[in-house]
Amino acid sequence: LFFAVGAYAAVNLATAAPWGFALVVFGSVACGMFLGAAIGVVLVRMEGHNPTIATVILASIGLLAGNALSRYTGGEDGLSLATQSVGVGAFQLHAGSGLAMYYTATVPLLALIIGRWALQGHRSWKILRAVARNETRAQLLGFNTRLRRWVVFTLSAGVAALGGAFYVLLMKHVTTSVFDIGLSVDAILWAVVGGVGTAFGPLLGVFVVYPVTQMIASVFVYVQILVGLLLVIVAVFFPHGIIGTLQEVARLHAEKDRFLPDSAPSLD
């Protein structure tokens with residue numbers, strides 16, 4: 001939903017003016033965060049599995065609304081960028097799948113990943129992880145869990161909208177298919193395969209899963225069946241994902257080496 005909001009905001013905000021690129025990026029993020037803040041106020045008051053169910057319902061509503069408001073969204077035909085380039089100061093950044101746009105999109109991606117990695121040792125991050133794992137215990141410790149959940153949800157909506165903006169700048173076109181819940185399932189799969197709760201896991205999951213699913217899709221129409229099967233297998237046998245599993249193995253080896261003597265006793 002927020003990815004789609006960012007994408008449609010980018011279509012309408014894109015311009016070749018010198019401030020066009022900044023307008024697209026910050027405008028799309030602002031739209032996503034505004035909607036995320038409004039929805040998050042309701043979701044953080046829910047408990048258990050209710051927020052998950054609610055997000056699925058909201059995504060379905062977004063798809064239905066997008067198709068119903070085809071006058072503004074273009075429906076299944078979609079909308080195209082009105083300009084072939086966006087302004088970057090005194091220069092023009094050509095829209096489309098060119099190297100310049102890919103390199104430009106890499107900058108915020110790396111910034112997000114490095115920022116996420118840098119936060120791991122910070123006290124605020126530890127509190128967020130505590131809230132995620134056991135909200136009741138965090139509440140008893142005196143932390144405002146609803147506020148923290150709302151802030152994270154709002155920031156996440158902005159990140160999703162940023163992805164939608166760059167999607168439009170790369171594809172130069174957007175349709176209501178971006179509202180489909182399948183996009184969210186793919187994102188979950190990438191994170192689970194790479195390692196949920198790790199800085200680089202989701203990115204690794206994209207590089208591992210996306211090419212495979214694209215190749216399968218060329219020979220098998222119902223690729224989502226295999227995607228679902230892969231998600232179940234990973235969740236059962238590799239619950240920590242690739243990076244998470246490697247970290248767990250490294251931790252166990254470190255603990256084993258710590259308790260074992262430096263040298264084994266000689267049989268002589």
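Placed above this text is the structure.
Keep in mind it's a predicted model, so treat the numbers as computed, not measured. (Residues numbered from 1 in each chain as written. Predicted model: local features only at pLDDT ≥ 70, side-chain atom pairs only at ≥ 80, totals over all residues. Heavy atoms only, no water.)

## Here we look at the packing of helix α1 (residues 2–13) against helix α8 (residues 145–171)
Move 1: α8 packs onto α1 with a crossing angle of 50° between their chain directions and a minimal axis gap of 6 Å. Taken together, the axes of α1 and α8 lie oblique to each other. Between α1 and α8 lies a crossing whose hand is right-handed. In contact with F2, F3, G6, A7, A10 and V11 of α1, α8 contributes F153, A157, A160, A161, G163, G164, A165, Y167 and V168.
Move 2: Here the residues of the contact of α1 with α8 are counted per class, giving twelve nonpolar, three polar and no charged. (Axes fitted to C-alpha atoms, helices over the stretch in contact; angles between N-to-C directions. Helix = DSSP H or I, 4+ residues; strand = E, 2+ residues; numbered from the N terminus. Parallel < 35°, antiparallel > 145°, perpendicular 65-115°, else oblique. Left-handed = near helix turned anticlockwise from the far one by under 90°. Contact = heavy atoms within 4.5 Å. Nonpolar A, V, L, I, M, F, W, Y, C, P; charged D, E, K, R; others polar.)

## Describing a nonpolar patch on the surface
Move 1: Together, V219, F220, V221, Y222, I225, L226, L229, V232, I233, V236, F237 and F238 line one region of the surface with nonpolar side chains, adding up to about 1,300 Å² of accessible area.
Move 2: Positionally, V219 belongs in the loop between α10 (201–217) and α11 (223–237).
Move 3: Relative accessible area serves as the criterion here: at 72%, V219 is assigned to the exposed category. (Patch = residues over 30% accessible without salt bridge, like charges linked within 9 Å, V, L, I, M, F, W, Y side chains within 5 Å. Areas by Shrake-Rupley, 256 points an atom, 1.4 Å probe, with all protein chains shown as cover. Salt bridge = Lys/Arg side-chain N within 4 Å of Asp/Glu carboxyl O. Buried < 20%, exposed > 50% of the residue type's maximum accessible area, 1.4 Å probe, protein only.)

## Some points on the side chain of T198
Move 1: Mapped onto the elements of the fold, T198 is located in the loop between α9 (181–194) and α10.
Move 2: For T198, a relative accessible area of 9% gives the class buried.
Move 3: Engagement of the side chain of T198 in a polar contact is seen with the backbone oxygen of G195, the distance being 2.6 Å.
Move 4: A polar contact is formed between the side chain of T198 and the backbone nitrogen of G201, at a distance of 3.1 Å.
Move 5: Aside from chain neighbours lying at most four places away, what touches T198 is R116, I243, G244 and Q247. (Polar contact = N/O pair within 3.5 Å; in protein donor to acceptor, adjacent residues only side chain to side chain.)

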